[in-house]
Amino acid sequence: MPSFDPCRVFRKLAYNNALANNRLLAACATLKPGEFEATRTSFFPSIKSTLNHILTVDWFYIDGLEGGTLGLSAFDIEEPFDNIPSLSAEQTKVDQRLVAICEGLTPEQLASTVELQRDGRVQRERMEDVLSHLFQHQTHHRGQVHAMLAGSSVAPPQLDEFIVDDDARFRGSEVAALGWSEQMLMR
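Residues numbered from 1 in each chain as written. Predicted model: local features only at pLDDT ≥ 70, side-chain atom pairs only at ≥ 80, totals over all residues. Heavy atoms only, no water.

Caption draft 1: Structural context of the packing of helix H2 (residues 47–65) against helix H3 (residues 84–103). At a minimum axis separation of 10 Å, H2 and H3 run at an interaxial angle of 30°. Between H2 and H3, the crossing angle belongs to the class labelled roughly parallel. Considering only the axes of H2 and H3, their crossing is left-handed. Along its contact with H2, which presents Leu-51, Asn-52, Ile-54, Leu-55, Asp-58, Trp-59, Ile-62, Asp-63 and Leu-65, the element H3 presents Ile-84, Leu-87, Glu-90, Gln-91, Val-94, Asp-95, Arg-97, Leu-98 and Ile-101. (Axes fitted to C-alpha atoms, helices over the stretch in contact; angles between N-to-C directions. Helix = DSSP H or I, 4+ residues; strand = E, 2+ residues; numbered from the N terminus. Parallel < 35°, antiparallel > 145°, perpendicular 65-115°, else oblique. Left-handed = near helix turned anticlockwise from the far one by under 90°. Contact = heavy atoms within 4.5 Å.)

Written out as structure tokens, the structure is:
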């Protein structure tokens, strides 16, 4: 029986996160003019707003996980990107940072304290809790974009085929396009 690695689940979730963002943003790139910013029913009023929110929250938490002090300045511009290509490029960069964090994790780091720069205070949390929160946040808001796509000209893409070995047949060229291999995802 293989030994238990408490960091494995976070590595897999980081890859899952990047793959799901890649697939969702590729679908959004095919929206007709005006659909990206069109008012829709959701927590945020548009696909554009929701995707920008995902990105700025990633900037905030990933900076904190890296030991940075970006803090709330991550939110200085509520919607920093007006188009999918620019937003997608930046989301890919921050997803790669999260993968790198999770690739380097040790059990001791998971139990360490992350300091998040808040307004007038420092929030201290266990790293494993910050990572869990971040992955939950991503999934929550990707689901909202997925639902908003259902009311657009673009069919919502499949976003949950990234964790188990058997789903490799659905990932295809996406894994290679990101510079990864199936072996990386499954270890």
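Caption draft 2: The arrangement of the pattern of salt bridges in detail. Per the counting criterion, the structure on display carries seven salt bridges. Two residues, Glu-79 and Lys-48, come together in a salt bridge whose shortest N-O distance is 3.5 Å. Of this pair, Glu-79 sits in the loop between H2 and H3 while Lys-48 sits in helix H2, and the two are 31 residues apart along the sequence. Across the pair Glu-128 and Arg-126 runs a salt bridge, and its minimum N-O distance is 2.4 Å. Residues participating in the shared-partner salt-bridge network are Lys-48, Glu-79 and Asp-82. (Salt bridge = Lys/Arg side-chain N within 4 Å of Asp/Glu carboxyl O.)

Caption draft 3: Molecular detail of the packing of aromatic side chains. Scanning the model with the defined rule gives four aromatic pairs in all. Considering the side-chain rings of Trp-59 and Phe-81, the 6.3 Å spacing of their centres and the 65° angle between planes classify their relative orientation as edge-to-face. Of this pair, Trp-59 sits in helix H2 while Phe-81 is found in the loop between H2 and H3, placing the two residues 22 residues apart along the sequence. The exposure classification of Trp-59 matches that of Phe-81, with both residues buried. Pairing Phe-60 with Phe-75 gives two aromatic rings, centres 5.6 Å apart and planes at 35°, and the pair type is tilted. Placement of the pair is Phe-60 in helix H2 and Phe-75 in the loop between H2 and H3, with a sequence separation of 15 residues. Following the ring pairs from residue to residue traces out a cluster consisting of Phe-60, Tyr-61 and Phe-75. (Phe/Tyr/Trp six-rings, centres within 6.5 Å; stacked < 30°, edge-to-face > 60°. Buried < 20%, exposed > 50% of the residue type's maximum accessible area, 1.4 Å probe, protein only.)

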